[in-house]
Amino acid sequence: MMAFSSKLVLRGFATSTYLNSIKHVTVVGGGLMGSGIAQVAAQSGHNVTLVDLNEQVLQKSKGSIEKSLQRVAKKMYKDQEAEAKKFITDSVSRISVSSDLKDVVKNTDLVVEAIVEKMEVKHKLFSEIDPVAPESTIFASNTSSLSITEIASVTKRKDRFAGLHFFNPVPVMRLVEVIRIADTSDATYNQVMEWTKAIGKTPITCKDTPGFVVNRLLVPLLCEAVRMMERGDASAKDIDIAMKLGAGYPMGPLELADYVGHDTTLSIVEGWHKKFPDNPLFEPMKSMKELVKAGKLGVKSGEGYYKYTK
């Protein structure tokens, strides 16, 4: 264990006494986010179970995780072929998959939910596993826009509930927003903060406010850029050029909106608008609604505010 720990430190992963409390992690949701979270947990020494109802999704996720680990190993170990191979083999060996969530959570220290952004679906999940998970198990949601307090409301462990918002692609993006609700205990907060550091991430703390930090600032910016275009103040291309050359942004707001996906952004904005109808920043944009209706979701569909060729 000491040899392994020293390697983690050398490779940029933090180590701490938190390992005594969080040894097994259950990640619910086999999509891009869930797979990414499972990968970074496994490559930092945790045993992980990735859970999804769809067996095909699970097998696809395992394949994508292995490919991603190969890229990480190539970058970390360069010409050290044996070390790279061991890193991949060890990481993969720590990941198991299952479609039986209730059974898995009986023996886990941390559950990270990364499923569809619908409150009723999250409520169903947490209300089902709350009675069967050990009292000490911490629950966390990776939601990017929903209220952590509201998600936690269906459980009897609000003191052991927090938000852990990762960013896509998880193996690359270093930030994790740790959302502490009013009921989150100091012990829970400290454990999840230490865990995010131990998996090589940089955690920041935020209250349970709409969009947390990044999306609360970023989504209104995207919306305002779309509104400028809709009013005819400037073209999408010129808005993007202006923000890249004038503000130093690596990507313009309309380009970023296409990259994020208009279905995702619109869902966030409509959710906020429903809860805060008097805030003009949360007013859904006409052109974005039309794009979503037409299936023009951005980069992933081949067209959004711009057209993309494969």
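Since the model is a prediction, treat every value here as computed from it, not as a measurement. (Residues numbered from 1 in each chain as written. Predicted model: local features only at pLDDT ≥ 70, side-chain atom pairs only at ≥ 80, totals over all residues. Heavy atoms only, no water.)

### Side note on the overall build of the chain
A tally of regular secondary structure across the chain gives 13 helices and 8 strands. The C-alpha atoms of the chain give a radius of gyration of 20 Å, which matches the 19 Å a tight globule of 310 residues would have. In terms of its C-alpha atoms, the chain occupies a principal-axis envelope of roughly 60 × 50 × 35 Å. Counting across all 310 residues of the chain, residues that qualify as buried make up 45%. Nonlocal contacts in the chain, meaning residues at least 24 apart in sequence, comprise 66% of its contacts between residues at least 6 apart. Entry remark: accessible area of the chain is about 15800 Å², with carbon and sulfur atoms responsible for 56%. Computed over 41 positive and 36 negative side-chain charges, the separation of the two mean positions in the chain equals 4 Å. (Helix = DSSP H or I, 4+ residues; strand = E, 2+ residues; numbered from the N terminus. Rg over C-alpha atoms; globule rule 2.2 N^0.38 Å. Buried < 20%, exposed > 50% of the residue type's maximum accessible area, 1.4 Å probe, protein only. Contact = heavy atoms within 4.5 Å. Areas by Shrake-Rupley, 256 points an atom, 1.4 Å probe, with all protein chains shown as cover. Lys, Arg positive; Asp, Glu negative; His and termini not counted. Charge placed at Lys NZ, Arg CZ, Asp CG, Glu CD.)

### Points about the confidence of the model for the chain
Scored by pLDDT, the chain has a mean of 92; 94% of the residues are at 70 or more. For residues 1-19, every residue scores under 50 in pLDDT, and the model assigns this stretch 29 contacts once sequence neighbours within four places are set aside. (pLDDT = per-residue confidence, 0-100.)

### Describing the pairing of strand β4 (residues 110-113)
Side chains L110 and V112 of β4 all project onto a buried face; the interleaved residues V111 and E113 project onto the opposite face, where all are buried too. Where β4 lies against strand β5 (residues 138-141), 4 bridges are found, and the strand directions are parallel. Within β5, the position partnered with E113 by the bridge is S141. Regarding topology, helix α6 (residues 119-129) serves as the crossover connection from β4 to the parallel β5, and that connection is right-handed. (Pairing = 2+ DSSP bridges. Right-handed = clockwise from strand over helix to strand, strands pointing away.)

### Overview of the packing of aromatic side chains
Throughout the structure, instances matching the rule amount to 7 aromatic pairs. By the ring-pair criterion, three or more aromatic residues cluster together here, those being F126, F139 and F161. For R157, the ring lying beneath its charged end belongs to F139, and the centroid distance is 4.3 Å. (Phe/Tyr/Trp six-rings, centres within 6.5 Å; stacked < 30°, edge-to-face > 60°. Lys NZ or Arg CZ within 6 Å of the ring centre and 35° of its normal.)

### Comments concerning a nonpolar patch on the surface
There is a patch of nonpolar side chains on the surface, built from M251, Y259, V260 and V299 and spanning about 320 Å² of accessible area. In this structure, Y259 sits in helix α11 (residues 253-260). For Y259, a relative accessible area of 47% translates into the label partly exposed. (Patch = residues over 30% accessible without salt bridge, like charges linked within 9 Å, V, L, I, M, F, W, Y side chains within 5 Å. Salt bridge = Lys/Arg side-chain N within 4 Å of Asp/Glu carboxyl O.)

### A word on the nonpolar core
Judged by nonpolar contacts, the single largest core of 37 residues is most densely connected at I37, F87, L110, L164, F166 and W195. Considering every element that reaches this core, the biggest residue donor is helix α3 (residues 55-77), with 7 residues. With residues near it in sequence (within four places) discarded, F87 still touches Q43, L69, V72, A73, M76 and Y77. Grouped together as the second largest cluster of nonpolar side chains are 21 residues, V28, L101, F139 and L146 included. (Core = buried A, V, L, I, M, F, W, Y, C linked by side-chain atoms within 4.5 Å.)

### Some words on the packing of helix α2 (residues 32-43) against α3
Direction vectors running N to C along α2 and α3 enclose 50 degrees, while the axes themselves pass 10 Å from each other. With respect to each other, α2 and α3 are oriented oblique. The two elements α2 and α3 cross, and the hand of that crossing is right-handed. Side by side, α2 and α3 meet where S35, A38, Q39 and Q43 of the first sit next to S61, S64, I65, S68, L69 and V72 of the second. (Axes fitted to C-alpha atoms, helices over the stretch in contact; angles between N-to-C directions. Parallel < 35°, antiparallel > 145°, perpendicular 65-115°, else oblique. Left-handed = near helix turned anticlockwise from the far one by under 90°.)

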